[in-house]
Amino acid sequence: MNWAHVLLAGYIGAVIAIVVGMFRKKGWLGKISGAVVFVVAIIAWNLFDVHYLIPRESPDYGLTEEQQFEKAMLSNPAFQVIKEQEPALTQKIISQAAQMKRSGSSEQQVIDAIQPQILQLQMARLQQAPDANVIEYMKINLEQIAAVAKIGDDECFRFLFPAVKGGINPARLVPREIMDRRMASDMSMMYASHGPKKHTVTAEEKQLALQDLQAISPGLVQRYGDDIQIMADPTKAVGKEKIACEIVQDLWSQVLKLPTARAAGVIRLMLSAEMQ
């Protein structure tokens, strides 16, 4: 609550009451007309306060839709890196989000529209990120999945497969501590993918990753049967959201049990454009 405006409103109300009282004493206003003037004056003041004074105190006052969205996005360290490395994509996302907001789109609709673009860029960067960054990226992703799964199966499914039923806003559901580490991890990964130690995926890495994935698959099939097809076609998970969430967590947990270089290789392969 803005107590300054509450106190100011009380002061203005007292002033109006005094003025109306003076007018009544001089016979310029009757009892009823005085009450009407008082009420109208109070309403006029509140409209002025709400629509003019309070908005001017907002840190976003005077900013365009694009500027407001950019300011909000740049509060995310990972997006700062995206702006630095991909200015054209950044401007495209900002303009698209602002246009959607002007058109009446909801917050979630805007998120659903821009998230895939950011994710696509991150998946491309992951191919060149060092093993340690790739492993850290997936470990924190698993923490996010577990946190959302505690809230509900449907939320977990929407987090994992937003294209099927629409996504969620992780910032509203995942604990701040995990989100902070996720943003720091994303930022580190993005920088490392352009750094001197950036990784190059080889044919040998892809082949070994495929073999490791084939070795993991039988155990998943044994545990989940035909439901394993959800991984290839998420639309089959409608009504089986809990199982879908469990399969994803199980799969990545098995991958992370591999030696670091091999686990990173599997993650890169599964999140590569050719596997999408």
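For the structure itself, consult the block above.
All of these numbers come straight from a predicted model, not from anything done at the bench.

Parameters at a glance
- Residues numbered from 1 in each chain as written.
- Predicted model: local features only at pLDDT ≥ 70, side-chain atom pairs only at ≥ 80, totals over all residues.
- Heavy atoms only, no water.
- Helix = DSSP H or I, 4+ residues; strand = E, 2+ residues; numbered from the N terminus.
- Expected span 1.5 Å × (residues − 1).
- Buried < 20%, exposed > 50% of the residue type's maximum accessible area, 1.4 Å probe, protein only.
- Arc of directions from axis to C-beta.
- Polar contact = N/O pair within 3.5 Å; in protein donor to acceptor, adjacent residues only side chain to side chain.
- Contact = heavy atoms within 4.5 Å.
- Core = buried A, V, L, I, M, F, W, Y, C linked by side-chain atoms within 4.5 Å.
- Disulfide = S-S within 2.5 Å.

**As for helix H5 (residues 87-102)**
Residues three or four positions apart in an α-helix share a direction because the helix packs 3.6 residues into each turn. A rise of 1.5 Å per residue sets the reference length of H5, with its 16 residues, at 22 Å; its end C-alpha atoms lie 23 Å apart and thus fit the reference within 8%. Turning to H5, its buried residues are Thr 90, Ile 93, Ile 94, Ala 97, Ala 98 and Met 100. One side of H5 carries all its buried residues, which in axial view fall inside an arc of 160°. Just downstream of H5 lies Gly 104, where phi reads positive at about 95°.

**Describing the side chain of Ser 193**
Assignment of secondary structure puts Ser 193 in the loop between helix H11 (176-192) and helix H12 (203-224). We classify Ser 193 as buried; its relative accessible area is 0%. Within the structure, Ser 193 has its side chain in polar contact with the backbone oxygen of Met 190 (distance 2.7 Å). Beyond its immediate stretch of four places on either side in the chain, Ser 193 contacts Arg 125, Gln 128, Ala 129 and Lys 198.

**Some remarks on helix H8 (residues 153-160)**
Residues of H8 that are buried: Cys 156, Phe 157 and Phe 159. Here the buried residues of H8 occupy an arc of 160° about the axis, which is enough to place them on one side. Here the buried face of H8 lies against helix H7 (131-151), helix H9 (162-165), helix H10 (170-173) and helix H13 (241-256).

**Things to note about the nonpolar core**
Core analysis: the largest hydrophobic core is formed by 54 residues, its most contacted members being Leu 126, Trp 252, Val 255 and Ile 267. Per element, the largest residue contribution to this core is eight residues, and it comes from H7. When near neighbours in sequence (up to four residues on either side) are disregarded, Ile 267 contacts Leu 126, Val 134, Ile 135, Met 138, Trp 252, Val 255 and Leu 256.

**A few points about the state of the cysteines**
In the structure shown here, the tally under the stated rule is one disulfide. Here Cys 156 is linked by a disulfide to Cys 245, with a sulfur-sulfur distance of 1.8 Å. The disulfide joining Cys 156 to Cys 245 has a torsion of about 55° about its S-S bond and is therefore right-handed. Of this pair, Cys 156 sits in helix H8 while Cys 245 sits in helix H13, and the two are 89 residues apart along the sequence. According to the relative accessible area criterion, Cys 156 is buried, its value standing at 1%.

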